[in-house]
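# Structure at a glance
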Amino acid sequence: MRFVDRICNILAVFAGVSLVLVMFAIVLQASLRTMGFSGSSHIFTFSEYGLLYIAMAASPWLVRLRGHVFIEMFTAVLPRSFAPLFSRVVSGLCILICLFLVWYTGEATLKAYRFGDTDMRSLDMPKWLLLGAMPICFALMAAQFSRFVFGPDTLHSGEAGVHE
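Residues numbered from 1 in each chain as written. Predicted model: local features only at pLDDT ≥ 70, side-chain atom pairs only at ≥ 80, totals over all residues. Heavy atoms only, no water.

### Some words on the nonpolar core
What counts, and what does not: In this text, buried Ala, Val, Leu, Ile, Met, Phe, Trp, Tyr and Cys residues form a nonpolar core when linked through side-chain atoms within 4.5 Å. The buried label goes to any residue with under 20% of its type's maximum accessible area, the exposed label to any with over 50%, and the partly exposed label to all in between, with areas taken from a 1.4 Å probe on protein chains only. Starting at the N terminus, helices and strands are each numbered in turn, a helix being any DSSP run of H or I of at least four residues and a strand any DSSP run of E of at least two. Residue contacts are counted whenever heavy atoms from the two residues lie within 4.5 Å of one another.
Ranked by size, the top nonpolar core spans 25 residues in total, and within it M56, C98, F138, M141 and F145 carry the most contacts. Elements represented by at least two residues in this core include exactly α1 (2–34), α2 (42–64), α4 (83–115) and α6 (133–150). For this core, the leading source of residues is α6, giving ten residues. The contact partners of M56, leaving out residues within four places of it in the chain, are M134, C137, F138 and M141.

### A look at unusual backbone geometry
A negative phi angle is the norm for most residues apart from glycine, just as the trans form is the norm for most peptide bonds. Look at R66: it is not a glycine, yet its phi comes out positive at around 60 degrees. By secondary structure assignment, the location of R66 is in the loop between α2 and α3 (73–77).

### Comments concerning the pattern of salt bridges
For clarity, the threshold we go by: In the sections that follow, a salt bridge refers to a side-chain nitrogen of Lys or Arg positioned within 4 Å of a carboxyl oxygen of Asp or Glu.
Scanning the model with the defined rule gives five salt bridges in all. R147 serves as the salt-bridge partner of D5, at 2.8 Å between the closest nitrogen and oxygen. Placement of D5 in helix α1 and of R147 in helix α6 is noted, with a sequence separation of 142 residues between them. Linking R66 and D153 is a salt bridge whose minimum nitrogen-to-oxygen distance equals 3.9 Å. A residue pair is termed long-range when its members are at least 10 positions apart, and R66 in the loop between α2 and α3 and D153 in the segment after α6 qualify at 87 residues. In this structure, a network of salt bridges that share partners links the residues D5, R64 and R147.

### A few points about the packing of aromatic side chains
For the record, the criterion: Any Phe, Tyr or Trp ring, taking Trp's six-membered ring, that has another such ring centre within 6.5 Å forms a pair; planes under 30 degrees apart are called stacked, those over 60 apart edge-to-face, and the others tilted.
The full count for this structure, using the stated rule, is six aromatic pairs. Between W103 and Y104, the aromatic rings sit 6.3 Å apart at their centres with planes inclined by 55 degrees, giving tilted as the arrangement. An aromatic cluster of at least three residues, connected via ring pairs, comprises F100, W103 and Y104.

### Details of the environment of F138
Relative to the assigned elements, F138 resides in helix α6. The buried category is assigned to F138, whose relative accessible area is 14%. Among all residues touching F138, those that are not within four sequence positions of it are M56, C98, L101, V102 and T105.

### Some details on the side chain of S91
Relative to the elements of secondary structure, S91 occurs in helix α4. Each residue touching S91, except ones within four places of it in the same chain, is listed here: F145, F148, V149 and L155.

### Comments concerning the side chain of H156
Cut-off, in case you're wondering: Whenever two N or O atoms come within 3.5 Å, that pair is a polar contact, provided that in protein one can donate a hydrogen and the other can accept it, and provided that, for residues adjacent in sequence, both atoms are side-chain atoms.
Within the secondary structure, H156 sits in the segment after α6. Within the structure, H156 has its side chain in polar contact with the side chain of S87 (distance 2.8 Å). Leaving out residues up to four positions away in the same chain, H156 has contacts with F70, E72, T75, S87 and V90.

### A closer look at α2
Our working rule: For a helix, the expected span equals 1.5 Å multiplied by the residue count minus one. Think of it this way: the bend at a residue is just the angle between two axes, each fitted to seven residues, one set ending at that residue and the other starting at it.
Compared with the 33 Å implied by 1.5 Å per residue over 23 residues, the 34 Å span of α2 between its first and last C-alpha is a close match. By the largest-angle criterion, A58 marks the main kink of α2, which is about 30 degrees, and a proline, P60, follows within four residues. The positive-phi residue at the C-terminal boundary of α2 is R66, with phi of around 60 degrees.

Next comes the structure, spelled out in structure tokens:
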């Protein structure tokens, strides 16, 4: 899991840097337009692509940190003896969903590659480059959820409220 954690950390840093770059690019584009210049039509296209990559790259890291939004009101009222089992079952379902998404997005990526599909906006981008991050990151999320099924910790704390 240390290797997976390193990959997730690298992807999280990539997501953070990308988010900052997208923000600066949008500010630059808006400023140029305000000053009467045309700017680049590619900035918004790359910003859209960046948002997809940011979401996918940060997700496995967020799973490890339990940073995704989930509601603990239900687990807070469960009996203390049942709550860990319930949490592990939920994490197991998350693994199954992630593995389904690995298969589905992997098929879509391979299909886009085989047929040479392109995403046509201000520039033509091979569609497999856009979709390729999805099966990788969903697989990493499944690996991270597996730590809450088979490891000593559970995904849910069993306490309602904010825990920061």
